[in-house]
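As a plain string of letters, each chain reads:
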Amino acid sequence: MSIPPFLFYLAGALVLPLVPKGAMRSLFLSLVPVLALTQFVVLPFGEYASAELFGYTLILLRLDALAYAFSLIFSIAAFLAALFAWHIRDTTQQIATLIYSGVAIGAVQAGDLITLFCFWEATAFASVFLVWARRTDGAYFTGMRYLIFQMLSGLLLLAGIILHINATGSNLFVQFPDINFAAVLILLAFGIKCAFPLLHDWLQDAYPASTPTGTVVLSVFTTKLAVYALARGFPGLEALVYIGALMALFPIFYAVIENDLRRVLAFSLNNQLGFMVVGVGIGTPLALNGTVTHAFCHVLYKALLFMSMGAVLLRAGTTKGSELGGLYKSMPYTTVFCVIGAASISAFPLFSGFISKSLILSAADKQGYTLVWFALLFASAGVFHYCGIKIPYFAFFARDSGIRCREAPWNMLLAMGLTALLCVGIGVFPQPLYNILPYGVSYVPYTADHVVFQLQLLLFSALAFMVLMSKGIYPAGLRSVNLSSDIVYRKWLPRVLLWTWGSIEQFVVSITAPLRRESRQIFRNIGVVIGNEHGSGVMLLWVGVLLVFLLALTYLAR
Amino acid sequence: MNEQPRFLLSRLLQRIDSPLGVKRICYILLVACGLLVAIGLFIPHHDAYGMGAIVARIPGFYGIYGFVMSALLVIIAKALRRILMRSEDYYAPRTIDNEETQKERNSST
């Protein structure tokens with residue numbers, strides 16, 4: 001009997017408050033992911049830890065290649081995030097991080113839909129505390145908006161699961177055979193967590209609102225859990241190819257003009273999810289392998305980028321492009337780690353993004369999705385622009401902002417260093433990662449044409465950056481927000497609701513005004529009788545009269 | 001500014017940051033781009049299917065595509081600012097967007 005890894009995290013969260021704050025607790029926090037990892041890392045694939053509930057079999061630990069890859073990267077990320085947050089003394093964040101990591105791993109190892117739903121909801125509840133951990137009014141409201149979207153996803157999932165189990169009698173979480181109403185509900189639930197276009201605003205809204213360390217944790221789990229769920233439930237669903245292409249495209253325009261660099265990263269997170277969703281939509285072994293590899297590499301380089309910006313936020317006090325610049329003088333190591341993360345996300349040869357993104361691009365080309373292929377190529381050039389160049393350039397170089405701060409603490413540097421090492425390691429030696437992929441596909445990323453064409457794409461786009469920069473066309477960082485579809489529920493809906501409520505109130509007042517005048521007259525007359533103008537005495541009198549009347553009635557009725 | 005940064009790594013990075021360094025990077029980039037186009041003419045294309053195989057025959061296609069599309073991206077995005085950009089306190093107080101600016105203002109007064 002093997003213990004499901006999520007139990008380690010939950011037990012850890014229970015014990016945590018008893019561990020003395022400081023190095024002891026930080027050590028404890030980074031040991032939990034390691035302990036949990038040992039539980040499944042050498043376990044043969046299969047189903048373990050099942051339970052019966054109301055006639056349904058719950059499978060708490062199902063290990064197959066897909067679940068294994070996601071569990072592995074989640075565990076690695078949980079460890080790195082714990083190391084990155086070593087200096088944190090905030091118990092709320094520590095417990096939220098442990099539970100959130102644990103239930104996310106539980107969700108990818110869940111073998112049935114009921115268990116999946118429980119973990120799905122738990123990730124929402126645990127993660128919102130990381131947004132609230134900023135402890136400002138703005139973060140409170142942002143967390144609320146985040147929670148509403150996550151709950152909506154949970155409700156849709158629950159409705160879909162109930163309909164699905166009713167129709168098929170099975171609660172196993174496998175590919176949904178046909179796209180009926182239940183499947184559409186479940187797809188929407190996954191889509192919210194995966195930040196599909198128009199369902200995406202919670203991501204850019206909430207992730208930059210968290211703490212320097214909290215955003216790193218947030219960036220790892222929720223969205224990749226959704227990618228996993230899509231890959232499990234809807235591989236080969238063609239609509240996903242186009243949804244994914246759209247996701248890869250539109251956030252890059254926002255990212256170019258966004259000022260908050262952590263929000264720029266949130267936009268690029270959304271864009272990278274697009275690549276993965278395209279892979280799921282194509283659904284061939286090559287494409288699905290591409291999705292899994294890309295998710296794996298993406299977790300690492302995105303965490304690395306969020307870590308570097310977290311270090312900047314901690315030391316310089318802001319991540320606004322308009323306020324930063326010249327930080328390499330104070331934070332040179334962070335600068336180098338950030339550049340490694342940027343090179344990885346831009347898919348430079350020898351960095352991790354290169355060996356993962358090209359699988360999806362090749363698959364799209366092979367299956368004849370020509371337009372989508374062009375779109376992804378555009379998105380690849382774009383991601384280099386706004387993420388690969390813009391983030392390191394505006395934060396660490398550009399004009400000198402005059403900010404002189406300390407370099408990031410040792411634990412942050414160590415966490416960033418390890419993550420950067422993994423990014424480069426996977427980029428140089430991709431085979432170990434390819435070996436754990438769900439489908440046996442031999443893929444050679446390092447061919448002459450691949451390398452040369454990718455470098456052409458990237459260096460010419462760097463050239464474009466240089467030209468635009470020297471001509472002064474490149475948009476400078478400005479203190480601003482950019483409107484997105486969330487204006488519907490952040491401005492318009494409240495306005496419409498307030499207006500409607502106001503109008504209803506006015507209407508009610510206008511039709512009841514004569515009535516009230518009349519009743520006031522009556523009460524005034526009574527008030528004259530008892531010498532008290534419509535006070536509580538009048539009310540008491542009437543209550544008394546009524547009671548006597550009722551008493552008399554019941555007496556008479558006997 | 002003639003200050004000497006504390007870290008050795010910073011001093012190395014400072015070389016890139018200088019006007020001469022930037023100029024050098026420009027030249028290196030131009031040479032690299034030219035070389036890549038030239039190499040692209042001679043390498044075999046065995047890993048391309050469909051559209052990938054077609055565009056591989058166009059000399060420097062990936063370079064041109066990368067240059068044009070990323071320039072378009074920036075120009076379109078900049079134009080979008082006219083429609084989309086609002087002041088930092090647009091959603092205030094139910095947002096974190098202007099909290100740092102607000103804090104700064106409070107501490108200075």
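All of these numbers come straight from a predicted model, not from anything done at the bench.

Visitor: Explanation requested: the overall build of chain B in the structure shown.
Guide: For chain B, the count of helices and strands is 5 helices and 1 strand. A compact globule built from 109 residues would reach a C-alpha radius of gyration of about 13 Å, whereas chain B, at 23 Å, exceeds it by more than 25%. Projecting the C-alpha coordinates of chain B onto the three principal axes gives extents of approximately 65 × 45 × 25 Å. Buried positions account for 34% of the 109 residues belonging to chain B.

Visitor: Just checking my understanding: could you explain the overall build of chain A for this structure?
Guide: Helices and strands together make up the secondary structure of chain A, namely 21 helices and 3 strands. Out of the 558 residues belonging to chain A, those deemed buried represent 61%. Residue pairs in contact within chain A that sit at least 24 positions apart in sequence constitute 81% of those at least 6 positions apart. Placing the 32 positive and 22 negative side-chain charges of chain A at their respective mean positions leaves the two points 10 Å apart.

Visitor: When you look at the pattern of salt bridges in this model, what are you seeing that I'm missing?
Guide: When the charged atoms of two side chains lie near each other, side chains of opposite charge can form a pair. The tally for this structure, following the rule as stated, stands at 13 salt bridges over all chains. A salt bridge links D90(A) to R135(A), with the nearest nitrogen and oxygen atoms 2.8 Å apart. Of this pair, D90(A) sits in the loop between α3 (65–84) and α4 (91–109) while R135(A) sits in the loop between α5 (113–132) and α6 (137–168), placing them 45 residues apart in sequence. The shortest N-O distance in the salt bridge between E88(B) and K320(A) comes to 3.1 Å. Of this pair, E88(B) sits in the loop between β1 (85–86) and α5 (99–108) while K320(A) sits in the loop between α13 (285–316) and α14 (332–345), placing the two residues on different chains. A relative accessible area of 8% places E88(B) in the buried class. It is possible to trace a salt-bridge network through shared partners that takes in R145(A), D205(A), D486(A) and R490(A).

Visitor: Help me understand the packing of α4(A) against α5(A), please; the structure alone is not making it clear to me.
Guide: Angle between the axes and distance between the axes are the two parameters that describe a pair of packed helices. All names here are of chain A. Two elements in contact, α4 and α5, have axes whose closest approach is 8 Å; the angle formed by their N-to-C orientations is 155 degrees. When the axis of α4 is compared with that of α5, the two are roughly antiparallel. When the axes of α4 and α5 are compared, the crossing they make is left-handed. Residues T92, Q93, A96, T97, I99, Y100, V103, A104, G106 and A107 of α4 pack against L116, F119, A122, T123, A126, S127, F129 and L130 of α5. Tallied by class, the residues present in the contact of α4 with α5 amount to 12 nonpolar, 6 polar and no charged.

Visitor: Just to check I follow, could you spell out the environment of Q39(A) for this structure?
Guide: Mapped onto the elements, Q39(A) comes out in helix α2 (residues 23–40). In this structure, Q39(A) is in contact with S2(A), I3(A), P5(A) and F8(A), ignoring residues within four places of it in sequence.

Visitor: What is the right way to read the interface of chain A and chain B from this model?
Guide: By convention, interface size is frequently given as the accessible area that disappears when the constituent parts associate. Each partner contributes to the interface: chain A provides 80 residues, whereas chain B provides 65 residues. In this assembly, chain A packs against chain B so that about 6,700 Å² is buried in total across both faces, 69% of it on carbon and sulfur atoms. Joining chain A to chain B, the criterion identifies 5 salt bridges. In this structure, R263(A) and D97(B) form a salt bridge, with 3.0 Å as the shortest nitrogen-oxygen distance. In this assembly, chain A and chain B are joined by 21 residue pairs in polar contact (both at pLDDT 80 or more). Contributions of two or more residues to the side of chain A that touches chain B are made by α6, α11 (239–257), α14, α15 (352–366), α16 (370–396), α19 (448–470), β3 (481–482) and α20 (487–530) of chain A.

Visitor: Looking at this structure, I do not really get α13(A). What am I missing?
Guide: In an α-helix, one turn spans 3.6 residues, which is why side chains three or four residues apart end up on the same side. Residue and element names in this part refer to chain A. The end-to-end C-alpha separation of α13 is 45 Å, in line with the 46 Å expected for 32 residues at 1.5 Å each. The element α13 is largely enclosed, with a buried count of 29 among its 32 residues. Downstream of α13 by one or two residues, G317 has phi in the positive range, about 85 degrees.

Visitor: Sorry, what's going on with the packing of α3(A) against helix α10 (residues 222–233) of chain A here?
Guide: Residues and elements named next belong to chain A. Remark: α3 packs on α10, axes separated minimally by 11 Å, with the N-to-C direction vectors making an angle of 175 degrees. Judged by the inter-axis angle, α3 sits roughly antiparallel to α10. Only K224, L225, V227, Y228, A231 and R232 of α10 make contact with α3, whose side of the interface consists of L66, A67, F70 and F74. Looking at side-chain class alone, the contact of α3 with α10 contains 8 nonpolar, no polar and 2 charged residues.

Visitor: What am I meant to see in the packing of aromatic side chains here?
Guide: Remark: the centre distance and the inter-plane angle together describe each pair of aromatic rings, the angle taken between the planes. Taken as a whole and judged by the stated rule, the model has 40 aromatic pairs over all chains. Ring geometry for Y328(A) against F397(A): centres 5.2 Å apart, planes inclined by 25 degrees, an arrangement best described as stacked. Taken together, the residues span a long stretch of sequence, with Y328(A) in the loop between α13 and α14 and F397(A) in the loop between α16 and α17 (410–428) at a distance of 69 residues. Given the relative accessible area of 13%, F397(A) is considered buried. A cation sits over an aromatic face here: R490(A) above Y91(B), 3.8 Å from the ring centre. Between the NZ or CZ atom of K491(A) and the centre of the ring of Y90(B), over which it lies, the distance is 4.5 Å.

Visitor: So what exactly am I meant to see when it comes to a nonpolar patch on the surface here?
Guide: Residue and element names in this part refer to chain A. On the surface, a nonpolar cluster with roughly 710 Å² of combined accessible area is contributed by M539, V543, L546, L547, F549, L550 and L553. Looking at where L553 falls in the secondary structure, it is placed in helix α21 (residues 536–557). For L553, a relative accessible area of 44% gives the class partly exposed.

Visitor: Help me out: how do you make sense of unusual backbone geometry in this one?
Guide: Trans peptide bonds make up the majority, and among non-glycine residues the majority have a negative phi. A cis amide bond, omega 5 degrees, links A92(B) with the succeeding residue P93(B). Its place among the elements puts P93(B) in the loop between β1 and α5. If you check the backbone angles, A49(A) has positive phi at about 50 degrees while not being a glycine. Within the secondary structure, A49(A) is located in strand β1 (residues 46–53). Judged by relative accessible area, which is 13%, A49(A) ranks as buried. Of note in this structure, A347(A) is not a glycine but carries a positive phi near 65 degrees. Here A347(A) shows up in the loop between α14 and α15.

Visitor: Would you take a moment to explain helix α12 (residues 261–282) of chain A for this structure?
Guide: Residues and elements named next belong to chain A. Taking 1.5 Å of rise per residue, 22 residues should cover 32 Å, and α12 covers 32 Å from first to last C-alpha, within 8% of that figure. Burial analysis of α12 places 22 of its 22 residues in the buried class, the great majority of the element. Put simply, D260 is the residue that caps the front of α12, since its side-chain oxygen is 3.0 Å from the backbone nitrogen of R262. In the segment just after α12, G283 is the residue with positive phi, at about 75 degrees.

Visitor: How do you make sense of the environment of L113(A) when you look at a structure like this?
Guide: All names here are of chain A. Relative to the assigned elements, L113 resides in helix α5. What makes L113 buried here is its relative accessible area of 0%. The spacing of L113 and T136 is 23 residues in sequence and 37 Å in space, taken between C-alpha atoms. When residues no more than four places from it in sequence are discounted, the contact partners of L113 are I161, H164, N171, L172, F173 and F176.

Visitor: How do you make sense of the state of the cysteines when you look at a structure like this?
Guide: Defined simply, a disulfide is a covalent bond joining two cysteines at their sulfur atoms. All names here are of chain A. Inspection of every chain in the model, using the stated rule, returns 0 disulfides over all chains. C405 takes part in no disulfide bond, and the closest cysteine sulfur, belonging to C338, lies 14 Å away. Residue C405 is classed as buried on the basis of its relative accessible area of 18%.

About the cut-offs
- Residue indices follow the written sequence of each chain, beginning from 1 at its first position.
- Numbering of ligands from 1 and lettering of chains from A proceed in the order in which they are written.
- Residue-level local features of this predicted model are given only where pLDDT is at least 70; pairs of side-chain atoms are given and counted only at 80 or more, and the full residue set underlies all totals for whole chains, interfaces and linings.
- Just so you know, side-chain values use all the structure's heavy atoms and leave hydrogens and water out.
- Helix numbers and strand numbers start at the N terminus; a helix is a DSSP run of H or I with at least 4 residues, a strand a run of E with at least 2.
- Note that the radius of gyration is over C-alpha atoms, with the globule rule given as 2.2 Å times the number of residues to the power 0.38.
- Summary of the burial criterion: residues with accessible area below 20% of their type's maximum are buried, those above 50% are exposed, and those between are partly exposed, where the area comes from a 1.4 Å probe applied to protein chains only.
- In this analysis, two residues are considered to be in contact whenever any of their non-hydrogen atoms come within 4.5 Å of each other.
- The charged-residue count follows a simple rule in which Lys and Arg add positive charge and Asp and Glu add negative charge, with His and chain termini not counted at all.
- To locate a charge, take NZ of a lysine, CZ of an arginine, CG of an aspartate or CD of a glutamate.
- Any carboxyl oxygen of Asp or Glu within 4 Å of a side-chain nitrogen of Lys or Arg constitutes a salt bridge here.
- Interaxial angles span 0 to 180 degrees and are taken between N-to-C directions of axes, which are lines fitted to C-alpha atoms, for helices over the stretch in contact.
- For this classification, under 35 degrees means roughly parallel, over 145 means roughly antiparallel, 65 to 115 means roughly perpendicular, and everything else is oblique.
- Take the far helix as your reference; a near helix turned counterclockwise from it by less than a right angle gives a left-handed crossing, and one turned clockwise gives a right-handed crossing.
- By the convention adopted, Pro, Cys, Tyr, Trp, Phe, Met, Ile, Leu, Val and Ala count as nonpolar, Lys, Arg, Asp and Glu as charged, and the other residues, Gly among them, as polar.
- A 1.4 Å probe defines the accessible area here, and the buried area is the portion of it lost by two parts on being joined, summed over both.
- Two N or O atoms count as a polar contact when they lie within 3.5 Å, although within protein this holds only if one can serve as hydrogen donor and the other as acceptor, and sequence-adjacent residues are included solely when both atoms are side-chain atoms.
- For a helix, the expected span equals 1.5 Å multiplied by the residue count minus one.
- In summary, the pairing rule links any two rings of Phe, Tyr or Trp, Trp by its six-membered ring, whose centres are within 6.5 Å, and it sorts them by plane angle into stacked for under 30 degrees, edge-to-face for over 60 and tilted for everything else.
- Our definition puts a charge over a ring when NZ of Lys or CZ of Arg is within 6 Å of the ring centre and also within 35 degrees of the ring normal.
- Residues forming no salt bridge and having over 30% relative accessible area are the ones grouped into patches, like charges within 9 Å of each other and nonpolar side chains (Val, Leu, Ile, Met, Phe, Trp, Tyr) within 5 Å.
- A 1.4 Å probe and the Shrake-Rupley method give the accessible areas. Residues count as covered only by the protein chains that appear here.
- The term disulfide is used for any two cysteine sulfur atoms that are within 2.5 Å.

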